[in-house]
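For reference, the chains in residue letters:
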Amino acid sequence: MASITLKNIVKKYDDGYPAVNDVSIDIEDGEFVILVGPSGCGKSTLLRMIVGLEDITDGDLIIDGAKVNDQAPRDRNLAMVFQNYALYPHLTVYENIAFPMRLAKGKFSKDEVEERVQRAASMLELTDHLERKPGNLSGGQRQRVAMGRAIVRDANAFLFDEPLSNLDAKLRGQMRAEISQLQRSLNTTSVYVTHDQTEAMTLGDRVAVLKQGELQQIASPRELYEQPINLFVAGFIGAPSMNFLPATVQGNVLSTPIGEIEVPDAIAAAGEGREVVLAGIRPEFFDDVATVDERHLSRGSTFRAELSHTEWLGNEQYVYVPYENDARVAETLQTLAADMDADELRQQLVIAVDASSRLRGGDVAELWIDSRRIHLFDPGTGENLTRDAEAGAELTEMAREDRRRDAERAAQR
């Protein structure tokens, strides 16, 4: 295992475009860090620089205390798991897993190769498939073979480049759980690239959110979700995305296209004196008044709105409320949509209500909003005006403590 430090890493191509621009990240020994962002944000380029498949234009890459900018990939002792598995079709599963050890001529005895392959196969439930060829395996089994090849190397770190993107949704969920369990049991430093935020939020100890080659925020999944640093992180993290309503602040009241919302003093103060702000409200911060406990009603505000349509998903239900946008924030929202690889941000609220709610499209409904959990953003800079940095840091520290407990348990087994 090893720590990985990226100091002001820059990657510029021949045309001068910075695919990665001044990124600094400290990855602890045994930590699982996710690089996430829309297409073209630089996450795969960054991973390829770590492994040595891309040259570093500027900055320092330090692995286990040693600068490795000019080291060849084979000298960095890093194991890469690719999106397309990169298996040898003419070799059996056994020989595919054993291949890195065969390549290191003389380093591993025949008995060591056998022991390591059998151990990896057992961990990955591949023991019954060792004599099969990759072409006869399912996508999930091929991905496990690729992971087995990484495990036997005793590498300093595992690097994953969108390893699940070729799998169907159900298999992706299964493989996510397997990768998480494997990383916890091996306690190996891991860097994982994905554009799928579900993978990012469920797998990572910390998640680094990238936009156009620049690091926006790196924190625990919970800090990113509850205390996003800016408009982009708030919109990119979460599914469905956070709702953004144009608003003006008058005293303790937000005037919005859906009505007036009374907010706590601290939130009102953050928007005071500004011509317009964007109120960020996650879908689950709303509810159908008919299903809200009376004790909670006083903790928020209510409003009436006509619903355009609803979606019932079994465990929950989404209702949609159209609203008129404000011309003063239209350009900001259009730019945000482009940054997130979305065609546009529709002028409608997405509201999560209980699955038992009987709301339907066309209803004029009474809805509740938890006004204590609203974030206000500056439309010009994208800054989160209501972010509590101290509370956010606490959430990430809690995640770090959880990881250390996992590592201690793994060491005892």
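Let me begin by describing the structure that accompanies this report. No experiment lies behind these values; they were computed from the predicted model shown.

This brings us to the pattern of salt bridges. Throughout the structure, instances matching the rule amount to 23 salt bridges. Its salt-bridge partner being Asp 60, residue Lys 67 comes within 3.2 Å of it at the nearest N-O pair. Accessibility expressed as a relative area gives 27% for Asp 60, which makes it partly exposed. The shortest N-O distance in the salt bridge between Glu 178 and Arg 144 comes to 3.2 Å. Here Glu 178 is found in helix α5 (residues 169-186), whereas its partner Arg 144 is found in helix α4 (residues 139-151), with 34 residues between them in sequence.

What follows is about the packing of aromatic side chains. Evaluation of the coordinates by the stated rule reveals eight aromatic pairs. Ring geometry for Phe 158 and Phe 160: centres 6.2 Å apart, planes at 90 degrees, overall edge-to-face. A single burial state applies to Phe 158 and to Phe 160, both of which are buried. Grouped by ring-pair contacts, the aromatic residues Phe 32, Phe 158, Phe 160 and Tyr 192 constitute a single cluster. Directly above the aromatic system of Tyr 225 lies the positively charged group of Arg 282, at a separation of 3.9 Å from the ring centroid.

Judged by side-chain charge, Asp 111, Glu 112, Glu 114 and Glu 115 come together as a negatively charged surface patch. In this structure, Glu 112 sits in helix α3 (residues 110-123). Take Glu 112: its relative accessible area is 35%, and that puts it in the partly exposed class.

For the rest of this paragraph, the subject is the pairing of strand β10 (residues 214-219). For strand β9 (residues 206-211) and β10, the ladder comprises five bridges, and the chain directions are antiparallel. The partner of Val 209 across the bridge, within β10, is Gln 217.

Right, let's get into the sheet that holds strand β1 (residues 4-12). One open sheet accounts for four strands, arranged β2-β1-β4-β5; its pairing is antiparallel. The outermost strands of the open sheet, each flanked by one partner alone, are β2 (18-27) and β5 (66-67). Strand contacts of helix α1 (residues 43-51): β1, β2 and β4 (58-63), with the helix running at about 120 degrees to β1, the strand carrying the most contacts.

About the criteria used
Residues numbered from 1 in each chain as written. Predicted model: local features only at pLDDT ≥ 70, side-chain atom pairs only at ≥ 80, totals over all residues. Heavy atoms only, no water. Salt bridge = Lys/Arg side-chain N within 4 Å of Asp/Glu carboxyl O. Buried < 20%, exposed > 50% of the residue type's maximum accessible area, 1.4 Å probe, protein only. Helix = DSSP H or I, 4+ residues; strand = E, 2+ residues; numbered from the N terminus. Phe/Tyr/Trp six-rings, centres within 6.5 Å; stacked < 30°, edge-to-face > 60°. Lys NZ or Arg CZ within 6 Å of the ring centre and 35° of its normal. Patch = residues over 30% accessible without salt bridge, like charges linked within 9 Å, V, L, I, M, F, W, Y side chains within 5 Å. Areas by Shrake-Rupley, 256 points an atom, 1.4 Å probe, with all protein chains shown as cover. Lys, Arg positive; Asp, Glu negative; His and termini not counted. Charge placed at Lys NZ, Arg CZ, Asp CG, Glu CD. Pairing = 2+ DSSP bridges. Contact = heavy atoms within 4.5 Å. Axes fitted to C-alpha atoms, helices over the stretch in contact; angles between N-to-C directions.

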